[in-house]
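Architecture and fold: a report
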Amino acid sequence: MTTYLEFEKPLAEIEGKAEELRAMARANEQMDVEKEAAALDKKAAQMLRDLYKDLSPWRKTQVARHPDRPHCKDYIDAIFTEYTPLAGDRNFADDHAIMGGLARFNDHPVVVIGHEKGHDTASRIERNFGMARPEGYRKAIRLMDMADRFRLPVITLVDTPGAYPGKGAEERGQSEAIARSTEKCLTIGVPLVSVIIGEGGSGGAVAFATANRIAMLEHSVYSVISPEGCASILWKDAEKMREAAEALRLTAQDLKKLAVIDRIIKEPLGGAQRDRAATIAAVGSEIAFMLEEMKGKKPSELIKDRRKKFLDMGSKGLAA
């Protein structure tokens, strides 16, 4: 069943009417409604094109959070083989908001790490809605250490509202764990590529996305704070999230201009949720391309390349 966003309600009505007509025809074979249903389909297709032709930053944020978008587990299941999950930080616990382990990508051994939000109520609670605790980032550090030791490329899939801000997480060193993970990204001597597949929220995202190459899906977002959080701080009013989204420059298109990211991955019309298989295939192709760009580079070159990328960040495009 299709889940519609708030701004897609007019589209929902038209597509719903077309489905009602077809349901009536299925119940009564003597009814011929295909002509009327096809006309509604055509109208819905045009409306979909109009809605997604020039999405505002706030609407892009809504699309990035769509519950039906493919999540980390979907990508791992589809584009990696022989995935072997590794659990725990060898210190406190295993954080289910973070998936990670050994796998093969295009028949080459890699380490893959990502945020998993879950797909229904039970799994979202288990995964803490993709918000990692300190042990999740320490698990990622352990996996990156292993990748560095065995010369395996690291692929990260970012989709988180941000690191979990709970009392226990703070007591166990949340900010320190994020900083250590970011530091580890900068110091490993193997290719590191990152794809922002939904939300790239604050330090919780940077801890995985301090990479040689960063790609974003067309309607994903990447920002220092959520629009609602920004609005609450600046205007003392979370309802000003639309203005905050504009100011944050959180879209893939803005971030490409600012050289924060390297590549934008086109999504199917209507967002990744409209054609999950095509989206996953496009992400797989982009990962392969980014890894190929770094093929044959020495560890020192990879570290230097990554360091320069982040030192140069924001030096152009600020006046755009």
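Presented here is an overview of the structure given in this document. Bear in mind that the values here come from a model prediction, so they are computed numbers and not experimental data. (Residues numbered from 1 in each chain as written. Predicted model: local features only at pLDDT ≥ 70, side-chain atom pairs only at ≥ 80, totals over all residues. Heavy atoms only, no water.)

For the chain, the helix and strand inventory stands at 14 helices and 8 strands. At 21 Å, the chain has a C-alpha radius of gyration in line with the 20 Å of a compact globule built from 320 residues. For the C-alpha atoms alone, the extent of the chain along its principal axes is close to 70 × 50 × 40 Å. Buried residues in the chain amount to 48% of all 320 residues. Put simply, the chain shows about 15700 Å² of open surface, and 54% of that area lies on carbon and sulfur atoms. The chain carries 49 positive and 49 negative side-chain charges, and their two centres are separated by 5 Å. (Helix = DSSP H or I, 4+ residues; strand = E, 2+ residues; numbered from the N terminus. Rg over C-alpha atoms; globule rule 2.2 N^0.38 Å. Buried < 20%, exposed > 50% of the residue type's maximum accessible area, 1.4 Å probe, protein only. Areas by Shrake-Rupley, 256 points an atom, 1.4 Å probe, with all protein chains shown as cover. Lys, Arg positive; Asp, Glu negative; His and termini not counted. Charge placed at Lys NZ, Arg CZ, Asp CG, Glu CD.)

This part takes up the nonpolar core. Ranked by size, the top nonpolar core spans 34 residues in total, and within it Ile113, Val154, Phe208, Tyr222 and Ile261 carry the most contacts. At the level of secondary structure, the elements contributing two or more residues to this core comprise β3 (108-115), α6 (134-149), β4 (154-160), α8 (174-187), β5 (192-201), α9 (202-209), β6 (213-217) and α12 (252-257). Among the elements that make up this core, the one with the highest residue count is α6 (6 residues). Core analysis: the second largest hydrophobic core is formed by 25 residues, Cys72, Tyr75, Met99 and Ile287 among them. (Core = buried A, V, L, I, M, F, W, Y, C linked by side-chain atoms within 4.5 Å.)

Each disulfide is one covalent bond, formed between the sulfur atoms of two cysteines. Tallied over the full model, the rule gives 0 disulfides. Looking at cysteine 72, it has no disulfide partner, and the nearest cysteine sulfur is the one in cysteine 185, 15 Å off. For cysteine 72, a relative accessible area of 0% translates into the label buried. (Disulfide = S-S within 2.5 Å.)

Our next topic: the side chain of asparagine 128. Its place among the elements puts asparagine 128 in the loop between α5 (121-126) and α6. Beyond its immediate chain neighbours, meaning those up to four positions away, asparagine 128 contacts Arg133 and Tyr164. (Contact = heavy atoms within 4.5 Å.)

Moving on: a negative patch on the surface. Together, Asp237, Glu239, Glu243 and Glu246 give the surface a local cluster of negative charge. Tracing the backbone through its elements, the reader meets aspartate 237 in the loop between α10 (227-234) and α11 (241-248). (Patch = residues over 30% accessible without salt bridge, like charges linked within 9 Å, V, L, I, M, F, W, Y side chains within 5 Å. Salt bridge = Lys/Arg side-chain N within 4 Å of Asp/Glu carboxyl O.)

A word on the side chain of arginine 127. Tracing the backbone shows arginine 127 in the loop between α5 and α6. No salt bridge is formed by the buried arginine 127, whose closest oppositely charged neighbour, glutamate 126, lies at an N-O distance of 4.7 Å. Setting aside residues no more than four positions away along its own chain, arginine 127 makes contact with His96, Ala97, Met99, Glu116, Lys117 and Gly118.

Attention shifts here to the environment of lysine 139. If you trace the backbone, lysine 139 turns up in helix α6. Between the C-alpha atom of lysine 139 and that of glycine 101, which follows or precedes it by 38 residues, the distance is 9.9 Å. Discounting chain neighbours no more than four positions away, the residues touching lysine 139 are Leu86, Ala87, Gly88, Asp89, Asp94, Asp95 and Ile98.

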